[in-house]
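# A look at the structure
The primary structure of each chain is shown beneath.
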Amino acid sequence: MTETIRPWCAYCRISDADLAELRYLVNAGAITAEEAKERERKGVLKQREDLSALADNMGVPLVWYEDNNLSAFKRRVRRKDFERMLVDLGRSGLRGGILAVDIDRLTRQNRDLERVIDIYEGAKQKLGFVTLSGQNFDLSTPDGRFSARIMVSVANKASEDMSRRLKREMLRKAREGEVSGGHRPFGWEEDRKTARPNEAEMVIQQTEAGIQGDAVATVTRRFKEAGFVGRTGKPYDRTAVRRILMNPRNAGIRVYQGEPLKDDEGAYVTGDWDALVSVQSWSALKTKWEANQGAGQAREYRISTLLSGILRCGACGTRMTAANSKSKYPKYRCCEGASGCGNVSIIRNKTDEIIRQLVSEYLEKAAASLSLAKEPEEKQWEKAPDLTEAESELAKIKTMYNAGEIKPTTYAIMLDDLEGKIEKLRGERALYQATRPNLAPSLDALKDGWGQLSIERQRDVIRSVLRSVLVGPTSKRGAGVDLSRLTPVFRDE
C-alpha cells in the first residue's frame with residue numbers, strides 16, 4: 001500500500017532587514033508608503049515562486065502560510081499564520097515539515113524557535129526542515145538544534161544592530177532639523193519644505209482664531225467651507241483639524257518619535273522648512289485647546305447659541321438654555337430639568353440683538369473714557385517669577401549632575417518634573433501674550449462687526465462686559481421682547 005505523502009508547510013515572510021530598509025526609504029522620502037507595500041508583496045511572491053520550485057524538486061505538496069509585513073524580531077508582534085502553522089505541525093501525521101527561504105524568515109527569536117523544537121521532538125513521525133539557502137536543520141537531533149539556535153541568535157543580533165543603526169540615523173536627522181519622510185503634511189508642498197499658499201494661510205488664520213477663542217468645531221466648519229479635503233477625498237473632521245493646527249511642524253519644530261524635539265539647552269529643535277506660525281502662537285493654541293478639553297469647560301465649547309448660560313431666570317436664578325430651535329420664534333427657557341422653575345422664557349433672536357447692542361454701546365463709552373485718561377502701565381504676566389525660578393532650577397540641577405553631585409535616577413526624576421513644569425508655564429505665557437487682556441473692554445474685537453465673529457468669540461466679548469442677564473417673567477404673549485424684563489449685571493459693578 002502506497003504511503004500518502006504529507007504536505008509540507010511553506011512559510012513566507014518579509015525579513016526584518018527588508019522591512020527596515022523599506023521604512024528607511026519611506027522616511028527619507030525616496031519612496032511612498034504605497035510603493036513600500038508593493039515591494040513587500042513582490043518580495044513575498046518571489047519567495048512563493050522559489051519555494052514552489054524547491055517543493056517540485058523534493059516531490060512534496062505544499063500548504064502556504066504567509067505573514068506579510070510582520071516582524072519575527074519584535075516580541076509583541078503576533079504572526080497569525082505562524083501560529084496556525086505550529087498548530088498544524090503539532091497534529092500527528094498532518095504535515096511533513098517546514099520549507100522556508102532561510103531560518104531567519106521563520107523566526108529571529110529563540111523563544112519561538114524553542115516552540116518549533118518542542119513540536120519536532122514530540123512528533124511521532126519525523127518532521128523535516130529545509131531551506132532554500134541550504135541550511136537544513138534536523139531539529140530532532142542535538143546537533144541540529146544547536147546549529148539552529150546559533151543561526152537564530154545571529155539573526156537576532158543582526159536585527160538589533162539594524163534597529164540601533166536606523167534609530168541613531170533618524171535621531172541624527174531629527175537633531176539637525178532635516179525633513180522626515182511620509183505623506184505631505186497640510187500646509188506644505190510635496191517637498192515638505194515649501195509652504196503651499198492657500199493651506200498655509202488657512203493654518204495662520206485658524207491658529208489665531210483658535211487662540212482668540214474659536215472652538216475646534218467652528219474651525220472645522222471653516223475647513224469644510226473652504227473645500228479642504230484629506231487624502232481620502234473626504235472633508236477633515238474635528239480630530240484631523242485639531243491634529244493639523246496643533247502640529248509642532250507649523251512652528252518649524254522638529255518632531256521625533258511623536259514628540260517635539262529639544263536640544264541640550266531645552267530649546268526646540270527647528271527644521272529646514274518654512275514655518276507657518278511662531279512658536280509662541282503654536283504654544284498658545286496648544287495651551288488653549290488642551291485646556292478646553294477639560295471636563296470643566298467641555299460644555300461651554302459645545303454651546304451653539306449666543307446667550308445660553310449667560311441669561312438667568314429672574315424668578316429662580318437658574319441658567320437659561322436654548323429651546324424650541326425649530327419653531328418660528330425659538331426661545332431661551334428656564335430649564336425645569338436643571339432644578340429650575342420652568343416658568344420663564346424669552347424670544348431668542350430679539351434678545352440676542354438687544355444684548356449685542358447693549359454691549360456695543362458699553363464698549364464705545366469705555367473707549368471714549370479711556371482716550372481722555374492717561375495711558376496705564378501694562379500689567380505683567382503674574383506667573384513670570386515662577387517660570388524664571390523653574391528655569392534657574394533646571395540650569396542648577398544640570399550643573400550639579402555634570403559635577404557628579406546628583407545620582408542619575410534622582411536627576412532623571414527632577415529633570416522630568418521641571419521640564420514638564422517649564423513647558424506648561426511657557427504655554428501659559430504664550431497664551432497670555434497672544435490674548436493679553438486690556439485694562440478695560442476694547443472695541444477692537446468688534447471692528448469688523450459682530451457677524452464676523454464666531455459664536456464663541458461673541459460670547460467672550462459679552463462675558464468681558466456682563467456677568468449675566470436676569471430675565472424677568474411676563475404675562476404677555478407674542479414675538480416681542482419687553483426691555484424691562486432684562487436686567488444686565490455688569491462686571492464692573
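Right above here is the structure, for reference.
Notes on the structure in this doc start here.

### Side note on the overall build of the chain
Helix and strand counts for the chain stand at 15 helices and 12 strands. Within the chain, the proportion of its 493 residues that are buried is 40%. A sequence separation of at least 24 residues applies to 64% of the contacts in the chain between residues at least 6 apart.

### Things to note about the nonpolar core
The biggest cluster of nonpolar side chains holds 28 residues, and the ones touching the most others in it are F186, V203, F223, Y236, I244, L245 and W289. Mapped by element, the contributors of at least two residues to this core are α7 (197-212), α8 (216-225), α9 (238-245), α10 (279-292) and α14 (408-434). The residues contacting F186, other than those within four sequence positions of it, are E199, V203, F223, F228, Y236 and I244. Core analysis: the second largest hydrophobic core is formed by 27 residues, L307, C313, M320 and I347 among them.

### So, the packing of aromatic side chains
Under the criterion given, the structure shown has 9 aromatic pairs. Taken together, a centroid distance of 5.9 Å and an interplanar angle of 55° make the contact between F223 and F228 tilted. Among the aromatic residues, ring-to-ring pairing joins F186, F223, F228 and Y236 into one connected group. The ring centre of W188 lies 4.5 Å from the NZ or CZ of R249, which sits over that ring.

### What to know about the environment of L99
As for its placement among the helices and strands, L99 is situated in strand β3 (residues 97-100). Of the residues examined, L99 reaches a relative accessible area of 0% and is grouped as buried. In the structure, L99 is positioned 32 residues away from T131 in sequence and 5.7 Å away in space, judged by C-alpha atoms. The contacts of L99, once residues within four sequence positions are left out, are W8, C9, A10, Y11, L51, L54, A55, M58, L62 and V130.

### Topic: the side chain of T131
Here T131 shows up in strand β4 (residues 128-131). In this view, T131 contacts L54, A100, V101, D102, I103 and N136; residues no more than four positions away in its chain are not counted.

### So, the pairing of β3
Burial along β3 is two-sided: G97 and L99 facing one way and I98 and A100 facing the other are all buried. Pairing analysis gives 2 bridges linking strand β1 (residues 8-12) to β3, with the strands arranged parallel. The residue bridging C9 from the neighbouring strand is I98, located in β3. When β3 meets β4, the two strands line up parallel, connected through 4 bridges. Within β4, the position partnered with I98 by the bridge is F129.

### A short note on unusual backbone geometry
Positive phi, normally seen in glycine, also occurs at R192, with a value near 65°. With respect to the secondary-structure elements, R192 resides in the loop between α6 (142-175) and α7.

### A look at the pattern of salt bridges
Evaluation of the coordinates by the stated rule reveals 22 salt bridges. The salt bridge partner of R105 is D104, with a shortest N-O separation of 4.0 Å. Taken individually, R105 and D104 each receive the classification buried, so the pair is uniform in this respect. The network of salt bridges with shared partners includes R184, E189, E190, R196 and E199.

### Some points on the environment of Q280
Considering the arrangement of structural elements, one finds Q280 in helix α10. On the basis of relative accessible area, Q280 is assigned to the partly exposed category, the value being 45%.

### Considerations on a nonpolar patch on the surface
Side chains of F146, I150 and V154 sit close together on the surface and give an oily, nonpolar patch of about 290 Å² of accessible area. Within the element layout of this structure, V154 appears in helix α6.

### Focus on the side chain of Q206
Its location among the elements puts Q206 in helix α7. A residue is classified by how much of its surface remains accessible, and Q206, at 6% relative accessible area, is buried. Among all residues touching Q206, those that are not within four sequence positions of it are V219, R222, F223 and L245.

### A short note on the packing of helix α3 (residues 80-90) against helix α5 (residues 110-122)
Relative orientation of the contacting elements α3 and α5 amounts to 20°, with a least axis distance of 9 Å. The angle between the axes of α3 and α5 places the two elements in the roughly parallel class. Taken as a pair, α3 and α5 cross one another with a handedness that is left-handed. Contact with α3, carried on its side by F82, E83, L86, L89 and G90, involves D112, R115, V116, I119 and Y120 of α5 and no other residues of that element. Taken together, the residues of the contact of α3 with α5 sort by class into 6 nonpolar, 1 polar and 3 charged.

### A few points about the sheet that holds strand β7 (residues 311-313)
What links the strands of a sheet is backbone hydrogen bonding, and the strands pair in either a parallel or an antiparallel sense. An order of β7-β11-β12 is seen for the 3 strands of this open sheet, with the pairing classed as mixed. A strand with exactly one partner marks an edge of an open sheet, and here the two such strands are β7 and β12 (486-490). Each strand axis lies, on average, 30° off the axis of its neighbour in the sheet, ignoring direction. Here strand β11 (residues 466-471) pairs with β12 via 5 bridges, running antiparallel. Its bridge partner lying in β12, V469 is registered against P488.

Definitions and limits used
Residues numbered from 1 in each chain as written. Predicted model: local features only at pLDDT ≥ 70, side-chain atom pairs only at ≥ 80, totals over all residues. Heavy atoms only, no water. Helix = DSSP H or I, 4+ residues; strand = E, 2+ residues; numbered from the N terminus. Buried < 20%, exposed > 50% of the residue type's maximum accessible area, 1.4 Å probe, protein only. Contact = heavy atoms within 4.5 Å. Core = buried A, V, L, I, M, F, W, Y, C linked by side-chain atoms within 4.5 Å. Phe/Tyr/Trp six-rings, centres within 6.5 Å; stacked < 30°, edge-to-face > 60°. Lys NZ or Arg CZ within 6 Å of the ring centre and 35° of its normal. Pairing = 2+ DSSP bridges. Salt bridge = Lys/Arg side-chain N within 4 Å of Asp/Glu carboxyl O. Patch = residues over 30% accessible without salt bridge, like charges linked within 9 Å, V, L, I, M, F, W, Y side chains within 5 Å. Areas by Shrake-Rupley, 256 points an atom, 1.4 Å probe, with all protein chains shown as cover. Axes fitted to C-alpha atoms, helices over the stretch in contact; angles between N-to-C directions. Parallel < 35°, antiparallel > 145°, perpendicular 65-115°, else oblique. Left-handed = near helix turned anticlockwise from the far one by under 90°. Nonpolar A, V, L, I, M, F, W, Y, C, P; charged D, E, K, R; others polar.

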